[in-house]
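# Coordinate inspection notes
Spelled out, the chains give:
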Amino acid sequence: MNVVVEVYDTERPLTADVKKDGIHIPIPRPGILNVTPYVAGDSSIPGVRRIVKLASNEGALGPSPKAVAASRGNADSLCRYPDGGCSQLRAALGMRYGLDPARIVCGAGSDELIGILTRAYAGPGDEVLYSRYAFLMFPIIATANGATPVPAAERNLTADVDALLSKQTQKTRIVYLANPNNPTGTYLPYSEIKRLHAGLPGNVLLVLDAAYAEYMVAADYHDGLELAREAENVVVLHTFSKIYALAGLRLGWGFGSSRIIDVVNRVRGTFNVTATAQLAGLAALEDRAWTEKVRAHTITWRRWTVDALRRLGFDVPDGVGNFILCHFADVADADAADAFLRRRGLIVRKLGPYSLAGSLRITVGTEEEMRLLVDGLAAYRSGQPRPRAQ
Ligand SMILES: *Cc1c(COP(=O)(O)O)cnc(C)c1O
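Keep in mind it's a predicted model, so treat the numbers as computed, not measured.

### Focus: the sheet that holds strand 7 (residues 172-178)
Taken in spatial order, the seven strands line up as 2-10-9-8-7-3-4 in an open sheet, and their pairing is mixed. Two strands lie at the open edges of the sheet, namely strand 2 (104-107) and strand 4 (148-152), each paired on one side alone. Each adjacent strand pair in this sheet contributes to an overall mean axis angle of 20°, direction not counted. Sheet analysis places strand 3 (residues 127-131) next to strand 7, joined by three bridges and oriented parallel. By the bridge assignment for strand 7, E127 is matched with T172. Along the sheet face, helix 4 (residues 87-97) touches strand 2, strand 9 (234-239) and strand 10 (252-256) and points at about 125° away from the line of strand 2. Against the sheet, helix 8 (residues 190-198) makes contact with strand 7, strand 8 (205-209) and strand 9, and its axis sits at roughly 160° relative to strand 8, the strand it touches most.

This is how it looks when you write it as structure tokens:
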């Protein structure tokens, strides 16, 4: 059964919970109390000194040193409001991708843009369509806005265009698709994206979340910017949290039709992106050599880790992005492996909230981190727990 639907049941009456004994208290808008808060990856373990964090898909080698320098360079100007329009950064993104900067909007992470788009285009009575094992933020934010998240079945942990299209109703307002998807690491070829778009009526917004696009080398992949350039109902989202490794600064961007971007600009906070994020983002974007180094590193060590885990007998599907899905025999096996790794200071991501509790998601880190991870899982597999002394 679909846990997401159970957890985010928007039909549950709210007033009974919050209006007790005739006492009147402020009641949030429909949907908000149905939200199960998003649980981010841990970053510490009590009693363990050295932590290897492979839980949140943050870039393997850290940000470009030029981005770090740019963020330090802003330290003396923290009293100044940022440019509310992110003009320099949008101009640079426009140049890089051949896009009209007026049709780009920046956000405090792409999560903020997902929030704004949902708030602007869907509310109570509306349906937000997503694929079964998609990024959890989609149903969470739909629920928070009082809309009904509607999951479509997947095939082999991959979004299925026919299933998505079959779930459309008169109430569908937004279709969210992370491509590639987190946490499954699967993607749809561009031909399938075009088929999905062609099957949607013009009044349904298609949001293509391309958080991992910068890692993609497959010839049949496209982030959808080309489609968004022509269509009135497509938005493509990118983030600086993954390959650019600036998750802590919160920076993402979206491109869409001028009408949609105009709506986002009305809803967003005037100064939603900090000056430091804008400067660091610009420097990161311009340091193409660093991005290339991270991409090459990630592909190499992803491959190495997948091969090593398979040799140990783990069930690791093919995938893309900067993370690896590893299937275990069952939930107990995955939980035991996670606990075993934690005793060695290795934090990976448990996927219970995604209804994939028998699997763990492992971010591709440095060479040393990948070797520690493989050593850890080898020791777990061999059934000889040898937790290292702290
Ligand atoms: C990490 C991630 C994001 C990025 O979120 P930010 O708010 O930009 O940090 C968006 N979508 C997916 C699918 C992700 O995995």
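From this point, things continue past the structure.
### A word on the side chain of R349
Along the chain, the position of R349 falls in strand 13 (residues 349-350). At a separation of 2.9 Å, a polar atom in the side chain of R349 contacts the main-chain carbonyl oxygen of A55. Contacts of R349, omitting those with residues within four sequence positions, involve Y38, V39, A40, G41, L54, A55, S56, S359, L360 and R361.

### Here's the deal with helix 12 (residues 288-311)
Its 24 residues place the ends of helix 12 35 Å apart at the C-alpha level, agreeing with the 34 Å of an ideal helix rising 1.5 Å per residue. When helix 12 is considered as a whole, its buried residues turn out to be W290, T291, V294, R295, H297, T298, W301, R302, T305, V306, A308 and L309. Tucked into the core, helix 12 has its buried residues touching helix 3 (65-73), helix 11 (275-286), strand 11 (323-327), strand 14 (359-363) and helix 14 (367-382). Taken from the residues just after helix 12, G313 is the one with a positive phi, measuring 100°.

### Comments concerning the nonpolar core
With 57 residues, the main nonpolar core has L93, L177, L196, V234, F240 and W253 as its most contacted residues. Two domains share this core, each providing at least three of its residues, namely domain 1 (52-61 + 289-382) and domain 2 (65-286). Discounting residues that sit within four places of it in the chain, L93 has contacts with G98, I104, C106, F240, W253 and L285. Counting residues in hydrophobic clusters, the runner-up holds 33 residues, among them A122, V128, A134 and A147.

### As for the sheet that holds strand 13
Within the open sheet, the three strands sit side by side as 11-14-13. Their pairing is antiparallel. Because the sheet does not close on itself, it has two edges, and the strands there are strand 11 and strand 13. The pairing of strand 11 with strand 14 spans five bridges and is classified as antiparallel. In the sheet register, I324 faces strand 14, and the bridge partner there is I362.

Basis of the calculations
- Residues numbered from 1 in each chain as written.
- Predicted model: local features only at pLDDT ≥ 70, side-chain atom pairs only at ≥ 80, totals over all residues.
- Heavy atoms only, no water.
- Pairing = 2+ DSSP bridges.
- Helix = DSSP H or I, 4+ residues; strand = E, 2+ residues; numbered from the N terminus.
- Axes fitted to C-alpha atoms, helices over the stretch in contact; angles between N-to-C directions.
- Contact = heavy atoms within 4.5 Å.
- Polar contact = N/O pair within 3.5 Å; in protein donor to acceptor, adjacent residues only side chain to side chain.
- Expected span 1.5 Å × (residues − 1).
- Buried < 20%, exposed > 50% of the residue type's maximum accessible area, 1.4 Å probe, protein only.
- Core = buried A, V, L, I, M, F, W, Y, C linked by side-chain atoms within 4.5 Å.
- Domains from an automatic or database assignment.

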